[in-house]
Amino acid sequence: MAQIKFDCDLTTAGFPLLSDWASRSVIVPQLDQGTERSATPKPQVIYAQDVLPTANGYKSISYQQLLAAPSPANTSFSFILTVSDSAQNRGLIGVTTDNKIYTFTIATNVWQDVSPVGWVGGDAVTTGSANGVVYILCANYGCYSVSLVTGLLTPVTLLGITIANIKGIFSSINYLCLYDSSTIYWSSTINPLDFVPSLITGAGSSVPYDLSGVIVSCVGLNNGFAVYSTTNIVLSSFSNNTQYPWIFRNANNGAGIRDKQNVTIGKDLGFHIAITYAGVLKITPQGCQPIVPEVSDFLAANLYESFNSATNTLAVTRLTAPLIYKLAVISARWIVVSYGITTLTDCLVYDLALNRWGKLHITHAAIFELEAQVANSNAGTYNAVGEIGSSYASAAGQLYNLFSYGLSHTPDINRVFGYLTTSGTIGIAYMDYVSSTDAAVLLLGKYQLVHNNMLELLGVEVESIPQDNTGFSVVDLVSLNGKDIYSRNTLVESANTGTTMRLYDANIVGKNHTLAFKGSFNLTNILVVGVAGSRR
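Bear in mind the structure is a predicted one, so any value in this text is a computation, not a measurement.

Enquirer: Please explain the overall build of the chain as it appears in this structure.
Expert: Within the chain, the regular secondary structure consists of two helices and 44 strands. Residues counted as buried form 55% of the 536 residues belonging to the chain. Look at the contacts in the chain between residues 6 or more apart in sequence, and 62% of them connect residues 24 or more apart. About 22000 Å² of surface is accessible on the chain, with carbon and sulfur atoms providing 51% of the total.

Right under this line is the structure:
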């Protein structure tokens, strides 16, 4: 029987967030009994790990450590902020769940513990800026200005405010703003620390009329800000009237959020992304729009899926409690949903430019946009125990650059995807086109010729894989009933392999085949060769 060759689709937008949700697919469409479908499901990506989409396919991801953990050690880091002042000094602020605040500046060169004495509020810390000065507010405790030269905090007094009632601080249009459970406060246009109500200075406060829940967070948005509560979202726009500067209105189609880390705080995006009780929403000054509904279904499923590279098996854990999750937006391009069982171990990454999904697998406390370039690197091998005091099996053996100092004004292209670990180490996830030590996995399938016949896999051709990339391999996961995996076969490379072309021989029969591509790769074109087998 004649051989059949077909390309693998590496640019489809579809991606089941759990492999079990992947549709049964065929190469040659047929008319199903009793139905006439306009589009037959085609083989596609059904699982990814440490992989991001590109314009031409998929690329494995490398990890690099940038900053070491603080000394003495602290394993309770929760989130991180990159901040800058009017002199373009830049710094990092790390916050822990055990009442610690750390800063990193070009002058200090290491994490510096600057925690206020007596602070016991965990990670209930927010930031804002006005007149080029960065401020930190520890909820219900105190407000501090931050020097991005020394990294030190200086207590400041907020006039007209009972600090014990204040939950957070933020900024909008050079106003310094505060919030408690129901009220928004804004500062004087003359002195950002003056909140004494006055028609002369412009300072004042308001309870948004449409607010129906307890305020969880407030985040600047274009010429205004958004108020996120436990039940709804209220939008505020600047009125151009300094005596009554804010106009509040309910955000159409909004819903409540659970935690302040369920809404993005990226700068100058023109929009927010929030995980609400109604699903994932895109918030603009015009209102709310549901997006990526598959994420809501995934988080509600209470299932955790992982891939064991040693045994080439997928495992699904059924949970008795919901997944924990956080949200970030990187460079206005990637929506990142971090999730895990008891700690954050994985990230779903949605590329807004390509409208396609990727996924990262690394234990972390938070994903953030690294808005500064860290310089003076020394290459080394990732050794979690020796370098950062924690073990990360998914990144073991990979290369990183240990950066010893420096925060410049502009990050390198493709080096903005930062991650923070619970021990305080900072690193980046990025595309390294020369690495051969990535631990990525991409599953494509399910390849079935027609519904009624078996498919005999004869070979696979993979382009753009250099011969010195010894860490790359292809595994055929074979199913005899179309659903369950019967055997796992590592394909043998052909003697006719070219310089950047990998040819793999096979002679494996199954109802369908799922191909697992492992290691370091830049997949742009894959050709599968097979022949129709016996009827099933």
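Moving on from the model shown.
Enquirer: I would appreciate a short explanation of unusual backbone geometry in the present structure.
Expert: Most peptide bonds adopt trans geometry, and most residues besides glycine take a negative phi value. Here Ser71 and Pro72 are connected by a cis peptide whose omega angle stands at 0°. By secondary structure assignment, the location of Pro72 is in the loop between β5 (62-67) and β6 (77-84). Cis peptide bonds are those with omega within 30 degrees of zero, and the linkage from Gly445 to Lys446 qualifies with -5°. Along the chain, Lys446 falls in strand β36 (residues 440-447). Residue Asp50 is not a glycine yet carries a positive backbone phi of 60°.

Enquirer: How do you make sense of the environment of Leu360 when you look at a structure like this?
Expert: By the secondary structure assignment, Leu360 is in strand β30 (residues 356-364). For Leu360, a relative accessible area of 2% puts it in the buried group. Along the backbone, Leu360 and Val51 are 309 residues apart, and their C-alpha atoms lie at a distance of 6.3 Å.

Enquirer: What should I look at first to understand the side chain of Ser236 in this one?
Expert: Counting through the fold element by element, Ser236 comes out in strand β20 (residues 233-238). Using a relative accessible area of 6% as the deciding quantity, one classes Ser236 as buried. When residues no more than four places from it in sequence are discounted, the contact partners of Ser236 are Asn223, Gly224, Phe225, Trp246, Ile247 and Phe248.

Enquirer: Would you mind showing me how to read the pattern of salt bridges here?
Expert: Here the idea is simple: oppositely charged side chains can pair when their charged atoms come close. Inspection of the entire model under this criterion finds five salt bridges. Lys483 serves as the salt-bridge partner of Asp20, at 3.0 Å between the closest nitrogen and oxygen. Taken as a pair, Asp20 in the loop between β1 (4-7) and β2 (44-49) and Lys483 in the loop between β38 (473-479) and β39 (485-490) lie far apart in primary sequence, 463 residues in all. The exposure class of Asp20 is partly exposed, given its relative accessible area of 48%.

Enquirer: Teacher, can you tell me more about the packing of aromatic side chains here?
Expert: Applying the stated rule across the entire model yields 22 aromatic pairs. Counting every residue linked through ring pairs, the aromatic cluster contains Phe170, Tyr175, Tyr179, Phe225, Phe238, Trp246 and Phe248.

Enquirer: Can you walk me through the sheet that holds β5 in this structure?
Expert: Backbone hydrogen bonds hold the strands of a sheet together, and the pairing may be parallel or antiparallel. Within the open sheet, the four strands sit side by side as β5-β35-β34-β31. Their pairing is antiparallel. On the outer flanks of this sheet lie β5 and β31 (366-369), each paired with one strand and no other. For this sheet the average axis-to-axis angle between neighbouring strands, irrespective of direction, equals 35°. For β31 and strand β34 (residues 417-420), the ladder comprises four bridges, and the chain directions are antiparallel. Looking at the pairing, Phe368 lines up with Gly418 of β34.

Enquirer: Would you take a moment to explain the sheet that holds β6 for this structure?
Expert: Spatial ordering of the open sheet is given by β6-β7-β8-β9, a layout of four strands whose pairing is antiparallel. Both edges of this open sheet fall to β6 and β9 (112-113), since each of them pairs with a single strand only. The pairing of strand β8 (residues 101-105) with β9 spans two bridges and is antiparallel. Across the sheet, the residue bridging to Tyr102 is Asp113, located in β9.

Enquirer: Just to check I follow, could you spell out the environment of Ala365 for this structure?
Expert: Inspection of the secondary structure puts Ala365 in the loop between β30 and β31. As a C-alpha pair, Ala365 and Ser78 span 287 residues in sequence and 5.4 Å in three-dimensional space.

Enquirer: What is the right way to read the nonpolar core from this model?
Expert: For soluble globular proteins, the rule of thumb is that nonpolar side chains tend to be buried together. Within the largest apolar cluster, 58 residues are counted, with the highest numbers of intra-cluster contacts made by Val462, Phe517 and Leu523. In this structure, Leu523 is in contact with Leu10, Asn56, Gly57, Tyr58, Leu442, Val462, Ile465, Phe472 and Phe517, ignoring residues within four places of it in sequence. Grouped together as the second largest cluster of nonpolar side chains are 18 residues, Phe79, Val95, Tyr144 and Val146 included.

Enquirer: Hey, could you run me through the confidence of the model for the chain in this one?
Expert: Low pLDDT marks regions whose predicted coordinates should not be analysed in detail. Looking at the chain, pLDDT values average 87 and 88% of them are 70 or higher. In the model, residues 34-40 has pLDDT below 50 throughout and makes five contacts with residues more than four positions away in sequence or in other chains. Within the model, the stretch residues 375-405 combines pLDDT values under 50 with 81 contacts to residues more than four positions away or in other chains.

Enquirer: Could you clarify how one ought to interpret the environment of Val531 in this entry?
Expert: Within the secondary structure, Val531 is located in strand β44 (residues 526-535). Through-space distance from the C-alpha of Val531 to that of Leu458 is 7.3 Å; in sequence the pair is 73 residues apart.

What counts, and at which threshold
Residues numbered from 1 in each chain as written. Predicted model: local features only at pLDDT ≥ 70, side-chain atom pairs only at ≥ 80, totals over all residues. Heavy atoms only, no water. Helix = DSSP H or I, 4+ residues; strand = E, 2+ residues; numbered from the N terminus. Buried < 20%, exposed > 50% of the residue type's maximum accessible area, 1.4 Å probe, protein only. Contact = heavy atoms within 4.5 Å. Areas by Shrake-Rupley, 256 points an atom, 1.4 Å probe, with all protein chains shown as cover. Salt bridge = Lys/Arg side-chain N within 4 Å of Asp/Glu carboxyl O. Phe/Tyr/Trp six-rings, centres within 6.5 Å; stacked < 30°, edge-to-face > 60°. Pairing = 2+ DSSP bridges. Axes fitted to C-alpha atoms, helices over the stretch in contact; angles between N-to-C directions. Core = buried A, V, L, I, M, F, W, Y, C linked by side-chain atoms within 4.5 Å. pLDDT = per-residue confidence, 0-100.

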